[in-house]
Amino acid sequence: DLASRTLDFLEETSLKLQAEFHHDFRKDSLRKHFDLVGDETSTKQTGNGVQTKLVGEEGVKELRSLLQIYGDFDMTARFQDLDILMPDPRWSAGIGVRVVLDSSTDDTLGFYRTLERNADNRRATFFHSFRAPDGSLKYPGNFVVEQSRSGRLRLSRRGSTFYALYAADESTNFRLIG
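Here's a quick rundown of the structure. (Residues numbered from 1 in each chain as written. Predicted model: local features only at pLDDT ≥ 70, side-chain atom pairs only at ≥ 80, totals over all residues. Heavy atoms only, no water.)

**Focus on the side chain of Glu146**
Secondary-structure assignment places Glu146 in the loop between strand 10 (141–145) and strand 11 (151–158). Not counting residues within four places of it along the chain, the set of residues in contact with Glu146 comprises Arg113, Arg122, Arg123, Ala124, Tyr166, Ala168 and Arg175. (Helix = DSSP H or I, 4+ residues; strand = E, 2+ residues; numbered from the N terminus. Contact = heavy atoms within 4.5 Å.)

**Quick word on the pattern of salt bridges**
If you walk through the whole model with that rule in mind, you get seven salt bridges. A salt bridge links Glu11 to Arg154; the shortest N-O distance between them is 2.5 Å. Here Glu11 is found in helix 1 (residues 8–14), whereas its partner Arg154 is found in strand 11, with 143 residues between them in sequence. Among the ionic pairs, Glu146 bridges to Arg175, the shortest N-O distance being 2.4 Å. Here Glu146 is found in the loop between strand 10 and strand 11, whereas its partner Arg175 is found in strand 13 (residues 175–176), with 29 residues between them in sequence. (Salt bridge = Lys/Arg side-chain N within 4 Å of Asp/Glu carboxyl O.)

**Regarding the environment of Lys32**
Examined against the element boundaries, Lys32 turns out to sit in helix 2 (residues 30–33). Accessibility expressed as a relative area gives 63% for Lys32, which makes it exposed. For the pair Lys32 and Ser65, spaced 33 residues apart in sequence, the C-alpha to C-alpha distance is 9.4 Å. (Buried < 20%, exposed > 50% of the residue type's maximum accessible area, 1.4 Å probe, protein only.)

**A short note on the sheet that holds strand 11**
Within a sheet, adjacent strands bond to each other through the backbone by hydrogen bonds, running parallel or antiparallel. Read from one edge of the open sheet, four strands run 5-11-12-13, paired in antiparallel fashion. The outermost strands of the open sheet, each flanked by one partner alone, are strand 5 (73–79) and strand 13. The sheet contact formed by strand 12 (residues 161–168) and strand 13 spans two bridges and is antiparallel. Its bridge partner lying in strand 13, Tyr166 is registered against Arg175. (Pairing = 2+ DSSP bridges.)

**Some thoughts on the packing of aromatic side chains**
The full count for this structure, using the stated rule, is five aromatic pairs. An angle of 70 degrees between the planes, with centres 5.7 Å apart, marks the rings of Phe9 and Tyr163 as edge-to-face. In this pair, Phe9 is assigned in helix 1 and Tyr163 in strand 12, connecting sequence segments 154 residues apart. Overall, Tyr163 belongs to the buried group, its relative accessible area being 14%. Here the aromatic cluster, defined as three or more aromatic residues joined through ring pairs, consists of Tyr112, Phe127 and Tyr139. (Phe/Tyr/Trp six-rings, centres within 6.5 Å; stacked < 30°, edge-to-face > 60°.)

Have a look at this one:
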């Protein structure tokens, strides 16, 4: 087995987490657990999942979860046959998971599978933004080039440490991204 076992503790501790939530975007209601952020026209549910269309200079399109999480967590977003089209170069397009923490330093975690600026620049990207003691906003992070059209984005928290892990296609092995 060539996969690293250094993160096995995440699997062991995830079994002890107190609650579990599962949402299948192909068939479960969006409105029950997600806010469409006032945009009901460009996001639609299909038999394959959720389809969103971003036109021209529009900003970010997102589905905001209506869930609150306390303490340690393990969250995985699975995607299949990801089809990102970007006819005009722009900053990025893709799917992801973003967690905003209720903290004195305004922590935000983001983990995305994106197409960046052109058709050949596909990535799995993680960032952890926070407000530094001097008041400035910091955005440390990491990315890897990733061509898979299916996979899983996984964000985990154990104590004060965050982990961003990526598994391509149907692999059972996650790679640490951040």
